[in-house]
Amino acid sequence: MLGSTDIFIKDIAHAVGYEDSLAFSKMFRNATGYSPSAYRKHKTGSSENK
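The rules behind the values
- Sequence order as written defines the numbering, with residues in each chain counted from 1.
- Owing to the predicted nature of the model, reporting of local features is limited to residues with pLDDT of at least 70; listing and counting of side-chain atom pairs is limited to 80 or more, with chain, interface and lining totals taken over all residues.
- The basis for the side-chain values is all heavy atoms of the structure; hydrogens and waters are excluded.
- Salt bridge, as used here: a side-chain nitrogen of Lys or Arg that lies within 4 Å of a carboxyl oxygen of Asp or Glu.
- Think of it in three bands: with a 1.4 Å probe and only protein chains considered, a residue is buried below 20% of the maximum accessible area for its type, exposed above 50%, and partly exposed in between.
- For this analysis, a ring pair means two rings from Phe, Tyr or Trp (six-membered ring only for Trp) whose centres lie within 6.5 Å, classed as stacked if their planes differ by under 30 degrees, edge-to-face if by over 60, and tilted for the remaining angles.
- By definition, any uninterrupted DSSP run of H or I lasting at least four residues is a helix, any uninterrupted run of E lasting at least two residues is a strand, and each is numbered from the N terminus.

J.: How should I be thinking about the pattern of salt bridges in this particular structure?
T.: Pairs may arise between side chains of opposite charge once their charged atoms sit close together. Using the criterion set out here, one finds one salt bridge in the structure. When the shortest N-O distance is used, the salt bridge between D11 and K10 registers 3.4 Å. Take K10: its relative accessible area is 52%, and that puts it in the exposed class.

J.: Would you mind showing me how to read the packing of aromatic side chains here?
T.: The description of an aromatic ring pair rests on the distance of the ring centres and on the angle between the ring planes. In this structure the tally under the stated criterion is four aromatic pairs. Centroid distance F28 to Y39: 5.2 Å. Interplanar angle 75°. Geometry classified as edge-to-face. Of this pair, F28 sits in helix α2 (residues 21-32) while Y39 sits in helix α3 (residues 36-43), and the two are eleven residues apart along the sequence. Here F28 falls in the buried class, since its relative accessible area comes to 12%. Ring geometry for Y34 and Y39: centres 6.2 Å apart, planes at 70°, overall edge-to-face.

Here's what the structure looks like:
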């Protein structure tokens, strides 16, 4: 979802079961090495990484 939509990160967090978007962001960073916003930029081809 992060790499293919413009849905707000807080809405994605809620859609996958997190009521707290900060908790989702921490889990996501631990799992991928990227913050959700950095991952989105990376997947959409932006020059900004991590």
